[in-house]
Amino acid sequence: MASTELQTIQKTVRVSTDADVTSAATLPPIPGPGEDIAKTNVQDVADGDFRDYKPRNYHRLAEIVSKDKSWGIFRRFDELNMLHLMVLQAEIIELRDLFRDRSRRDDAANLSLDDGLYSGYFHALRKSVPTGDICSNCSMPTPSPYSQLGLLTTLRQRMSEYNELLLQVSQLSQTLDPPKSQLRELQDFLRSSTGGKNFLKGSEAFTWKEPDPSAYLSMNRPSPENDPFTSFLTYRIAYLFHRLCGGRRSGIRSDKRFGKLVDEEAQLRSYSNSKLQKTSQIISVVVSSTLPVVTIFVLNSLDTTTKRLGLTVLFTGVFGILLAFFSSAKRAEIFAATATFAAVEVVFIGTSLPNNGTAAAGGG
């Protein structure tokens, strides 16, 4: 009876397999319990239909992050890290006080081994084992948890955990927050019909719900040119360009010069940071080289010293703002460069006074 039922099931499975997609029949057999996976025909795996496999949900998102690290945005969990640090810190303080009390009691009782106190002879401390505290499964005696040696051993373990976690949290605190535009793009992708399609369920749906970028950290390496203009060009202009042109025009979609295609279905593109930085450098050089010439040209066209001094104040302020926007210079460097620029303008005004003395006197 059992044999007849087994044959019927086998026939049913065979018919169902023939009716299904033929690609399922080409998949290699999975090694059974106790079988060596190395004996699996690797060629069968390579010749399977995995090349047509399209990752979904988390797998798809992981593939996008592997191609473009700017999508690697993860929660910091600062409150949980701080809580674990506080728990360990409180436990270490309690253990420290217990250790000090135990040491005081041992010193007062003059407990010693070979006439040496534990506090003055660590060899004696390592060999100390309270009476009746013997490991049942080993030949070596074990210290009591509340002996000096036991408390010191526990302290060593907790201190190691605490220091390791403290260093990790300190390193995490130095990582950059993701740009707000990049976080918004990830959130839009998870909701879009061509992107994540709201695959996150349950409590996981709140993973990237927080709108504040400071709640996340970015896996993307910071740009060597971390000035405001380069950041604006990288995250604002590139984002706007992609929204308007990058994912809509067929000519641009097929042109690799306009970014590397990261996800075909959602038309996600990764734009080269080096090209964006080079564009930023070119614009900065053009602005820095033309601004002094434009300033001199405008000052030369004015006929009174009062007007020239007024324009000098205006151009000096504009120069300082542009210097702060187009470079990552420090405040002292911006101050020095602005003062030098103002000095050049004053020198020009001074040299032009003899040629326009009458007009200057009338204007003053």
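Residues numbered from 1 in each chain as written. Predicted model: local features only at pLDDT ≥ 70, side-chain atom pairs only at ≥ 80, totals over all residues. Heavy atoms only, no water.

1. With respect to the pattern of salt bridges
Inspection of every chain in the model, using the stated rule, returns eight salt bridges. Between Asp177 and Arg76 there is a salt bridge, with the nearest N and O atoms lying 2.8 Å from each other. Of this pair, Asp177 sits in the loop between helix H6 (148-173) and helix H7 (180-191) while Arg76 sits in the loop between strand S1 (73-75) and helix H4 (78-109), and the two are 101 residues apart along the sequence. Exposure remark for Asp177: the relative accessible area of 39% places this residue in the partly exposed category. Residue Glu91 is joined to Arg158 by a salt bridge in which the shortest nitrogen-to-oxygen separation is 2.7 Å. One end of the pair, Glu91, is in helix H4; the other, Arg158, is in helix H6, and 67 residues separate them in sequence. Glu91 sits in the partly exposed class, given a relative accessible area of 27%. What you see here is one network of salt bridges that share partners, running through Glu91, Arg158 and Glu161. (Salt bridge = Lys/Arg side-chain N within 4 Å of Asp/Glu carboxyl O. Helix = DSSP H or I, 4+ residues; strand = E, 2+ residues; numbered from the N terminus. Buried < 20%, exposed > 50% of the residue type's maximum accessible area, 1.4 Å probe, protein only.)

2. Re the nonpolar core
Membership of the largest hydrophobic core comes to 16 residues, with the highest contact counts inside it found for Trp71, Leu186, Phe189, Leu190, Trp208 and Leu268. By residue number, the principal contributor to this core is H7, which donates four residues. The residues contacting Leu190, other than those within four sequence positions of it, are Leu61, Gly196, Lys197, Asn198, Phe199, Leu200 and Trp208. Ranked by size, the runner-up nonpolar core spans nine residues in total, among them Leu88, Ile92, Leu95 and Leu151. (Core = buried A, V, L, I, M, F, W, Y, C linked by side-chain atoms within 4.5 Å. Contact = heavy atoms within 4.5 Å.)

3. Some remarks on unusual backbone geometry
One non-glycine residue, Asn57, lies in positive phi territory at about 55°. Looking at the element boundaries, Asn57 is found in helix H3 (residues 57-67). Although it is not a glycine, Lys197 adopts a positive phi angle of roughly 55°. Tracing the chain through its elements places Lys197 in the loop between H7 and strand S4 (216-218). With relative accessibility at 48%, the residue Lys197 sits in the partly exposed group.

4. Brief notes about the packing of aromatic side chains
The full count for this structure, using the stated rule, is four aromatic pairs. Between the aromatic rings of Trp71 and Phe189, the centroid separation amounts to 5.5 Å while the plane-to-plane angle is 80°, which identifies the pairing as edge-to-face. Of this pair, Trp71 sits in the loop between H3 and S1 while Phe189 sits in helix H7, and the two are 118 residues apart along the sequence. For the pair Trp71 and Phe189, a shared accessibility class is recorded, and that class is buried. (Phe/Tyr/Trp six-rings, centres within 6.5 Å; stacked < 30°, edge-to-face > 60°.)

5. A closer look at the environment of Arg105
By the element assignment, Arg105 lies in helix H4. The partly exposed category is assigned to Arg105, whose relative accessible area is 46%. For Arg105, the side chain forms a polar contact with the side chain of Asp101, separated by 2.9 Å. (Polar contact = N/O pair within 3.5 Å; in protein donor to acceptor, adjacent residues only side chain to side chain.)

6. Describing the confidence of the model for the chain
For the chain, the mean per-residue pLDDT works out to 74, and 65% of the residues sit at or above 70. Mean pLDDT across the elements of the chain ranges from a minimum in helix H13 (residues 357-363), with 44, to a maximum in S1, with 94. Long-range and interchain partners of residues 9-26, a stretch whose pLDDT sits below 50, account for two contacts in this model, where long-range means more than four residues apart. Low pLDDT (under 50) marks residues 112-116, which in the prediction has six contacts with non-local residues, meaning those over four places away or in another chain. (pLDDT = per-residue confidence, 0-100.)

7. A short note on H3
All buried positions along H3 are accounted for by Arg60, Leu61, Ile64 and Val65. Along the axis of H3, the buried residues cluster in a sector spanning 140°; they form a single face. Residues of H3 that are buried make contact with H7, strand S5 (260-263) and strand S6 (268-270). (Arc of directions from axis to C-beta.)

8. Concerning a nonpolar patch on the surface
A cluster of nonpolar side chains, Phe77, Leu80, Leu83 and Val87, forms an exposed patch at the surface whose accessible area comes to about 360 Å². Here Leu83 shows up in helix H4. Leu83 sits in the partly exposed class, given a relative accessible area of 47%. (Patch = residues over 30% accessible without salt bridge, like charges linked within 9 Å, V, L, I, M, F, W, Y side chains within 5 Å. Areas by Shrake-Rupley, 256 points an atom, 1.4 Å probe, with all protein chains shown as cover.)

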